Amino acid sequence: MSVVGIDVGFQSCYIAVARSGGIETIANEYSDRCTPACVSLATKNRIIGNAAKSQIITNFKNTVHGFKKFHGRTFDDPFVQAEKPKLPYSLHKLANGSTGIQVRYLDDDKVFTVEQITGMLLSKLKETSEGALKKPVVDCVISVPSFFTDAERRSVFDASQIAGLNCLRLINDTTAVALAYGIYKQDLPAPEERPRNVVFVDMGHSSFQVSIAAFNKGKLKVLATAFDPYLGGRNLDEVLVDYFCEEFKGKYKLNVRENPRALLRLHQECEKLKKLMSANSSNLPLNIECFMNDIDHCDMSFCMLFVVELSRDDVYAVEIVGGATRIPAIKERISRFFCKDISTTLNADEAVARGCALQCAILSPAFKVREFSITDVVPFPITLRWKSTTEDGVGSCEVFSKNHAAPFSKVITFHKKEPFDLEAFYSNSQELPYPDHTIGCFSVQNVSPQPDGDSSKVKVKVRVNIHGIFSVSSASLIEKQKGEVEDMQIDSEPLVQNEGRVEEQEGPSVEKQDPAAGGSKPKVKVKSIDLPVVMNSIRQLDTSVLNDFVEYERQMIIQDKLVKEQNDAKNAVEEYVYDLRDKLGGVYEKYITENDSKQLTLMLEETENWLYEDGEDQPKRVYEEKLEALKRLGQPIQDRHREHEDRPRAFEELGKKLQVYMKFLDSFKQKDERFMHLNVEEMGTVEKCVSDSMGWMNSKMNAQSKLSITQDPAVKVADIIAKIQELEDACHPVINRPKPSAEETSEVNEQSSGVHAATQAKEGKGETKGNQQTKEMQMD
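My aim in this report is to walk through the structure given alongside it, one point at a time. Because the structure is a prediction, the values reported are computed rather than measured.

**Details of the side chain of Ser 98**
Argument step 1. Looking at where Ser 98 falls in the secondary structure, it is placed in the loop between β8 (90-93) and β9 (99-105).
Argument step 2. Every residue in contact with Ser 98, bar those within four places of it in the chain, is listed here: Arg 73, Thr 74, Phe 75, His 92, Lys 93 and Arg 539.

**So, the pattern of salt bridges**
Argument step 1. Per the stated rule, a full pass over the model turns up 42 salt bridges.
Argument step 2. Residue Glu 624 is joined to Lys 620 by a salt bridge in which the shortest nitrogen-to-oxygen separation is 3.8 Å. With Glu 624 and Lys 620 both in helix α15 (residues 620-669) and four residues apart, the pair spans about one turn of that helix.
Argument step 3. Residue class for Lys 620 comes out partly exposed when judged on its relative accessible area of 35%.
Argument step 4. Several salt bridges converge on common partners, so that one network encompasses Glu 83, Lys 86, Arg 234 and Glu 238.

**Digging into helix α12 (residues 351-363)**
Argument step 1. Over its 13 residues, α12 runs 18 Å from end to end, which matches the ideal 18 Å to within 8%, given 1.5 Å per residue.
Argument step 2. Of all 13 residues that make up α12, ten are buried, and the element is covered over most of its length.

**Topic: the sheet that holds β8**
Argument step 1. An order of β8-β9-β10 is seen for the three strands of this open sheet, with the pairing classed as antiparallel. Pairing within the sheet leaves two strands with one partner each, and these edge strands are β8 and β10 (108-113). Averaged over neighbouring strand pairs, the angle between their axes works out to 45° when direction is ignored.
Argument step 2. The pairing of β8 with β9 spans four bridges and is classified as antiparallel. Bridge pairing in β9 places His 92 opposite Gly 100.
Argument step 3. Strand contacts of helix α13 (residues 543-584): β9 and β10, with the helix running at about 130° to β10, the strand carrying the most contacts.

**Digging into the packing of helix α4 (residues 114-133) against helix α5 (residues 150-162)**
Argument step 1. It is at 8 Å that the axes of α4 and α5 come closest, and there the two elements cross at 50°. Looking at the two axes, α4 sits oblique to α5. Of the two possible hands of crossing, α4 and α5 adopt the one that is right-handed. For the pair α4 and α5, contact is made by Glu 115, Gln 116, Thr 118, Gly 119 and Leu 122 and by Ser 155, Asp 158, Ala 159, Ser 160 and Ile 162, respectively.

Each value, and the rule that gives it
Residues numbered from 1 in each chain as written. Predicted model: local features only at pLDDT ≥ 70, side-chain atom pairs only at ≥ 80, totals over all residues. Heavy atoms only, no water. Helix = DSSP H or I, 4+ residues; strand = E, 2+ residues; numbered from the N terminus. Contact = heavy atoms within 4.5 Å. Salt bridge = Lys/Arg side-chain N within 4 Å of Asp/Glu carboxyl O. Buried < 20%, exposed > 50% of the residue type's maximum accessible area, 1.4 Å probe, protein only. Expected span 1.5 Å × (residues − 1). Pairing = 2+ DSSP bridges. Axes fitted to C-alpha atoms, helices over the stretch in contact; angles between N-to-C directions. Parallel < 35°, antiparallel > 145°, perpendicular 65-115°, else oblique. Left-handed = near helix turned anticlockwise from the far one by under 90°.

Structure representation (structure tokens):
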């Protein structure tokens, strides 16, 4: 099982994997480690990644890009409405108010959710990973911007499920970068020492993020984050686009914005120009300064330092990542604010993906990674409001402050007589880059009074989990029961109907009895009863809808596979036609008769015409049959050419082998002492094999010499190779048998002497007639 880290950016994606004791970035089928975040829908299939990017101009209405920030947002969201005029494809309002993307797919108008589009992209990244690793990929860690709200995170998590991935964690971009930076550091302070504070600045195509992380050995703690979700490299692109639109309008009287295709091409060229300008700082500062003056990000960084009570002197280093940080003016601004030289020790493009892969390896039981704990933060303060159906009053309390440690659980104690509702929302709507501050509603059910009529104590656990998602994870009712055994004493504090008290712990604590209450009250035992909690989150996909999307994604993957196989079969026919026709006038010309060549050429022309007419869209089986029919005529020509080219070398190899073994036989017959240890019978077998092979080779060469070059060969190269192997198997073991050593010869002689002595002892000292004859033979 492989574990991967996926950085899903606004414009492009990166995949990293933990293997071979390190982290590698995976390249796609184009040998490119960057995969565009682009999905193009067509009449028969989907095109995703690099191939989809090439469709932005030609199929602009059905090619979806720049969809990352639509996660969890309604169609009426001001940001969505502001983006809508800039997009070449159409947005659609879904039944639940969310943003849908309308395209034409399989010759039908379809509306896909953002989760589905992202699921398509993740499916492609999964396929790329599996192709590179040659094994299934399920577990992953996916990066999200640190400013993503609960609804946006739930949306990305749903997309990972649609793609068939098991997302172990949604990790903030800057936290992933911090992990990639710190886990390899060998000189971090000890746990009890003052931590090392490092600022991480990530400026990509569409957003700007800053975080401060404190490092100790084996530990990373994010202290604070800050961001501008609308500041990035694309703002500079838009400035250039606006400039050239006005330029074209004034000089050539052309309104580029009226032509979507022309506007897309202008965006692409301006992006290229931006990169060229970044490499030539002498012409850049004036334009960038004008752009940067409109949006001053330095104030944000200063506020972040103020929140965590750090000065610039407390910052050990400033690491920058992200494509837009290559712009000289941005580098200069960051360096000037922190009064430090900026550091670029991390890969600006791949650092997030590498951090994701490291986190995935840490979380996966299949990998053994050095201990390195990660504590993130809650980006926005979260407040909980509660109310009952009949009980008077509404209460609220802030359960998580801004930059509170995460993941984290808290227990809130309520005193209630009936079911009640909890509403979670972000407290400071001014800082929230999202129009709806509501997180979700949670109904705590089956609450009833105590047997004596008093309010029941209800313990509710709230949690911000590892993904940064808020939930009411559980609720329990503490029921008093009279009895002699004291399992747990309860407090005697006055019961307040709508009181909410927060305890920063994983579960309810033991609360001791008030001494002032005395011993007059009977001891009681309590029982904790789990209560059902019904959740109603904002715009999260229902389980049934999610399952439908998962199944539809499987169907689309199958459809893509079928179309790919069909295209591969068609391309195979086309490639064979062009290749064979080219060679018929070249290397194959002398291996085919003139009449056969004319017939085959005509067939190739007919097939080519068919491919561009009736054969434009045929089932895979039809293409395979066409290719098979062509090969029935073309393959014999190819075989004759190959045989004619390779046969001389094969016969030469056989001849060399025969010469070696014939020379060996001559040496043996001349009683060369190097071979006198060999058996006469085995040498006879070698001689016969050499003789037979020589006769076979001569007969085949004579038969081949009588044939025309346009005729099928009398002997194939495979037959010659088989004869060489047969000769080797018979002769090689014999001629390479080592000569016995002196010790082995002495041992054999001793054994022979022992056998001779034993025979004499058995037959007596007298010599028989047979013994005498044997002696005479030995003397002769």
